[in-house]
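Structure at a glance
The primary structure of each chain is shown beneath.
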Amino acid sequence: MSLFLITFFLLYGAMHSYLVVKAHNAFGFSLRTLIPLIFVMLVMVFSPVFVRMSEKAGFTGPALPMAYATYVWMGFLFLFFCSSFCLDIGRLVIYLAGLATGRTLFPAALADRLQFYLAFSLALVIAVYGFVEAGSIRTEHIAIKTDKLSQQVGALRIVQISDVHLGLVAREARLKDIVDKVKQADPDILVSTGDLLDGQTDSLGAMAPLLDEVRPRFGKFAITGNHEFYAGLGNFTTFAEKAGFRVLRGEGTAIEGVINVAGVDDVAGRPIGLYRGVEEKALLSCLGPGRFNLLLKHRPDIDPGSVGFFDLQLSGHTHDGQIFPFAYVVKRFFPMVAGRFPLGKNSELYVSRGTGTWGPPIRFLAPPEITVIELRSGEKANQF
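How each quantity is defined
Residues numbered from 1 in each chain as written. Predicted model: local features only at pLDDT ≥ 70, side-chain atom pairs only at ≥ 80, totals over all residues. Heavy atoms only, no water. Phe/Tyr/Trp six-rings, centres within 6.5 Å; stacked < 30°, edge-to-face > 60°. Helix = DSSP H or I, 4+ residues; strand = E, 2+ residues; numbered from the N terminus. Buried < 20%, exposed > 50% of the residue type's maximum accessible area, 1.4 Å probe, protein only. Lys, Arg positive; Asp, Glu negative; His and termini not counted. Salt bridge = Lys/Arg side-chain N within 4 Å of Asp/Glu carboxyl O. Polar contact = N/O pair within 3.5 Å; in protein donor to acceptor, adjacent residues only side chain to side chain. Pairing = 2+ DSSP bridges. Contact = heavy atoms within 4.5 Å. Axes fitted to C-alpha atoms, helices over the stretch in contact; angles between N-to-C directions. Parallel < 35°, antiparallel > 145°, perpendicular 65-115°, else oblique. Left-handed = near helix turned anticlockwise from the far one by under 90°. Nonpolar A, V, L, I, M, F, W, Y, C, P; charged D, E, K, R; others polar. Core = buried A, V, L, I, M, F, W, Y, C linked by side-chain atoms within 4.5 Å.

A few points about the packing of aromatic side chains
- The tally for this structure, following the rule as stated, stands at 15 aromatic pairs.
- On the basis of an interplanar angle of 25 degrees and a centroid distance of 5.5 Å, the ring pair of F9 and F46 is categorised as stacked. With F9 in helix 1 (residues 3–27) and F46 in the loop between helix 2 (31–45) and helix 3 (47–56), this pair connects stretches of sequence that are 37 residues apart.
- Pairing F116 with F120 gives two aromatic rings, centres 6.3 Å apart and planes at 25 degrees, and the pair type is stacked. Taken together, the residues F116 and F120, both in helix 5 (residues 108–134) and 4 residues apart, mark about one turn of the helix.
- Counting every residue linked through ring pairs, the aromatic cluster contains F27, F29, W73, F76, F80, F116, Y117 and F120.

Dropping the structure here:
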């Protein structure tokens, strides 16, 4: 078991323990009630494993409701934990104020029960709002002037999708919404910057024709994210090709007279021996000179040696935290968590908030997006 999974289950288990303690303090459960509650919490801690095992075994029917219950609960529990923890801080302030004034501001039992109801209600309201927000895909526009685009081309529209996470939760209806948004944007090039898939790809083949409906004049390009390796790399490449994408794995291509596009593998493939390692600077240097270099890289990590050799790096992976305030945790690992960042030497980075959701079908203060990048011929005058 990887360090990530160990850490995840320890933290997830701790949040369930926190909920049990808060519920017991609020309602004073008897042992007859407490033991079944603890058992249910243990089942929920490991329910993501049950979902994956059911999906891998081909039991899609029972896995689907199990996935919804598991991941909605995951989002609700995180929101409950954050809400209750903030109330814990408030209670501590009130307690200290009571010590300073010599007064008891709230009876302890009333405070425990009131806090539980408040945290539960707040988490429920945010979860419902977050479910709606997760389905409201925004179109973000950025404009770049470049002297590397010929006057004959004039303008080029690149549309980015990222972190769609097609699987048990994100199905045909979700993908249709995304495809409709992409069609409205009328791309010249469509790129997927990783995590297009999340689940077992043998149950997702029917979705490929939906993506194949989008046929930009200069093509469609995809790269691997970490979930492509989790879901099965061979099946992913088959799915992507059926959907009309060319998968770039440590390679680049020149769209003659227009633009260069390069893509690199996600490092999640390294521990399982499927990573195609490549030096980004060498890869970009081999592309045709004088054209705009677009680099596709799932994680918003910057190779200092490649800065100046690409004009724009498109990334995803972070989801902008997906559920606030988780963005503050993500930012510890990826400081450029979402948006547009100048890197110097005429290179810049754009990090998508992601088009779908991972785990909980909930987003809070981090709405999903497709990104429209307008390249226009002219003197360099990037606007931030």
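Things to note about the side chain of R363
- You can see R363 is positioned in the loop between strand 11 (347–351) and strand 12 (369–377).
- For the buried R363, no salt bridge exists, and the shortest N-O distance to an oppositely charged side chain is 6.5 Å, to E133.
- A distance of 2.5 Å separates the side chain of R363 from the backbone oxygen of A366, its partner in a polar contact.

Things to note about the pairing of strand 11
- The buried fraction of strand 11 amounts to 5 of the 5 residues, a majority that puts the element mostly inside the structure.
- Of the two faces of strand 11, both are covered, the one formed by S347, L349 and V351 as well as the one formed by E348 and Y350.
- Bridge count between strand 9 (residues 312–315) and strand 11: 4 bridges; the pairing is parallel. Note on strand 11: the bridge partner recorded for Q313 is L349.
- Looking at chain direction, strand 10 (residues 339–344) and strand 11 are connected through 5 bridges and run antiparallel.

Concerning the environment of G356
- Summarising the element assignment, G356 is placed in the loop between strand 11 and strand 12.
- For G356, a relative accessible area of 0% corresponds to the buried category.
- Separated by 37 residues in the primary sequence, G356 and H319 have C-alpha atoms spaced 8.5 Å apart.
- Residues within four places of G356 in sequence aside, it is in contact with S162, D163, V164, R174, H319 and R363.

Examining the packing of helix 3 against helix 4 (residues 60–101)
- For the pair helix 3 and helix 4, the least separation of the axes is 9 Å and the interaxial angle reads 155 degrees. By the angle between their directions, the pair helix 3 and helix 4 is classed as roughly antiparallel. Between helix 3 and helix 4 lies a crossing of left-handed hand. Listed contacts from helix 4 to S47, P48, F50, V51, S54 and E55 of helix 3 are A63, M66, A67, T70, Y71 and M74.
- Of the residues in the contact of helix 3 with helix 4, the class split is 8 nonpolar, 3 polar and 1 charged.

Description of the sheet that holds strand 10
- In spatial order, the strands read 6-7-8-9-11-10; together these 6 strands make up an open sheet with mixed pairing. In this open sheet, the two strands that pair with only one neighbour each are strand 6 (251–255) and strand 10. If you compare each strand with its neighbour and ignore which way they point, the axes differ by 20 degrees on average.

Concerning the nonpolar core
- Counting residues in hydrophobic clusters, the biggest one holds 35 residues, and the most contacted among them are Y12, L19, W73 and F80.
- Those elements giving two or more residues to this core turn out to be helix 1, helix 2, helix 4 and helix 5.
- Looking at which element gives the most residues to this core, the answer is helix 4, with 11 residues.
- Of all hydrophobic cores here, the second largest spans 32 residues; its members include A170, L196, L211 and F245.

Let's talk about the side chain of R249
- Here R249 lies in the loop between strand 5 (246–247) and strand 6.
- A relative accessible area of 11% means that R249 is categorised as buried.
- One polar contact links the side chain of R249 to the main-chain carbonyl oxygen of L274, over a distance of 2.6 Å.

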